[in-house]
Each structure stands twice: as C-alpha cells, then as structure tokens.
Amino acid sequence: MSTGNDSSPTRVPTRIQPLPEGPLLVEGPAEIVMPDGSVILCERPMMALCTCRRSLRAPFCDTSHRPRLRRRTGKPRAGAPSDSETETRKETS
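Bear in mind the structure is a predicted one, so any value in this text is a computation, not a measurement.

A. Geometry of the nonpolar core. In terms of nonpolar packing, the biggest core is built from eight residues, these being Val26, Ala30, Ile32, Met34, Cys42, Met47, Leu49 and Phe60. Those elements that provide at least two residues to this core are strand S3 (30-33) and strand S5 (46-49).

B. Quick look at the side chain of Ser55. Along the chain, Ser55 turns up in the loop between S5 and helix H1 (83-92). For Ser55, a relative accessible area of 11% translates into the label buried. Looking at Ser55, its side chain comes within polar contact range of the main-chain nitrogen of Arg57, at 3.0 Å. At a separation of 3.5 Å, a polar atom in the side chain of Ser55 contacts the main-chain amide nitrogen of Ala58. Once you skip the residues sitting within four places of it in the chain, Ser55 turns out to touch Cys50, Phe60, Cys61, Asp62 and Ser64.

C. Expanded view of the sheet that holds strand S2 (residues 24-27). Within the open sheet, the three strands sit side by side as S1-S2-S5. Their pairing is antiparallel. Every interior strand has two partners, whereas the edge strands, strand S1 (16-18) and S5, have only one. Pairwise comparison of adjacent strand axes, ignoring direction, gives a mean angle of 20 degrees for this sheet. Sheet analysis places S2 next to S5, joined by four bridges and oriented antiparallel. Note that in S5 the partner of Leu24 across the bridge is Leu49.

D. Region of interest: unusual backbone geometry. With an omega of 0 degrees, the peptide bond running from Gly28 to Pro29 counts as cis. Here Pro29 is to be found in the loop between S2 and S3. Pro59 follows Ala58 through a cis peptide bond whose omega is 10 degrees. Mapped onto the elements of the fold, Pro59 is located in the loop between S5 and H1.

E. Structural context of the pairing of S2. Pairing analysis gives three bridges linking S1 to S2, with the strands arranged antiparallel. When the bridges of S2 are listed, Gln17 appears paired with Leu25. In this structure, the hairpin formed by S1 and S2 is closed by a connection of five residues, where Glu21 is found at a positive phi of approximately 60 degrees.

F. Focus on the confidence of the model for the chain. On average, the chain scores 77 in pLDDT, and the residues at 70 or more come to 63%. A low-confidence stretch, residues 85-93 (pLDDT under 50), is modelled with two contacts involving residues beyond four sequence positions or located in other chains.

G. Seen up close, the environment of Arg44. For Arg44, the location among the structural elements is in the loop between strand S4 (39-42) and S5. On the accessibility criterion, Arg44 (52% relative accessible area) is exposed. Those residues in contact with Arg44, other than ones at most four positions away along the chain, are Gly28 and Pro29.

How each quantity is defined
Residues numbered from 1 in each chain as written. Predicted model: local features only at pLDDT ≥ 70, side-chain atom pairs only at ≥ 80, totals over all residues. Heavy atoms only, no water. Core = buried A, V, L, I, M, F, W, Y, C linked by side-chain atoms within 4.5 Å. Buried < 20%, exposed > 50% of the residue type's maximum accessible area, 1.4 Å probe, protein only. Helix = DSSP H or I, 4+ residues; strand = E, 2+ residues; numbered from the N terminus. Polar contact = N/O pair within 3.5 Å; in protein donor to acceptor, adjacent residues only side chain to side chain. Contact = heavy atoms within 4.5 Å. Pairing = 2+ DSSP bridges. Axes fitted to C-alpha atoms, helices over the stretch in contact; angles between N-to-C directions. pLDDT = per-residue confidence, 0-100.

Set out below in structure tokens:
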C-alpha cells in the first residue's frame, strides 16, 4: 500500500500495436528476451517487431513482409515512354 510519499515514477504500461499484414509496433524502451535466453536492450522510443519471420534483422522488422515488385528488363511498362521517345522530347525542348 502506497502512502503517497513514494518518489518513484508512475509506470506507464507498454503500448503494443499490431499492424495488419505487418509488424508489432512497441513503444520503447524495451528488453527483448530471445529464444536462446540472450537479452536485447532497445532504447528507441518506437520499434517494429517482425511477425512474418522473413526479417534478416530478427526480431526487428526490415519490411520483408511487403510484396516486392520485380523490374522487368527489355519491355517497358505500359504507358511508359520508350528511350527513343525520351530522346525526341529532350531534343525538341
């Protein structure tokens, strides 16, 4: 029972926000206990913890959950000007 003379700061609960199709956002600082028992101290005010297990920086998110668009070589995108059209535009400008 507190007497009101306690000078220790009031502890604010840690906020964890799961993002749809993404990581868990955790308000820091926080200690993260890894499966091998090691502890990672993260003093950032906000961190993203990976939930997709694709991250190369686990337990932190590196956005590997996002779909990657591959660039195609050869054919330009539909509606994109070709190299010859780009050159013509530069010459007439």
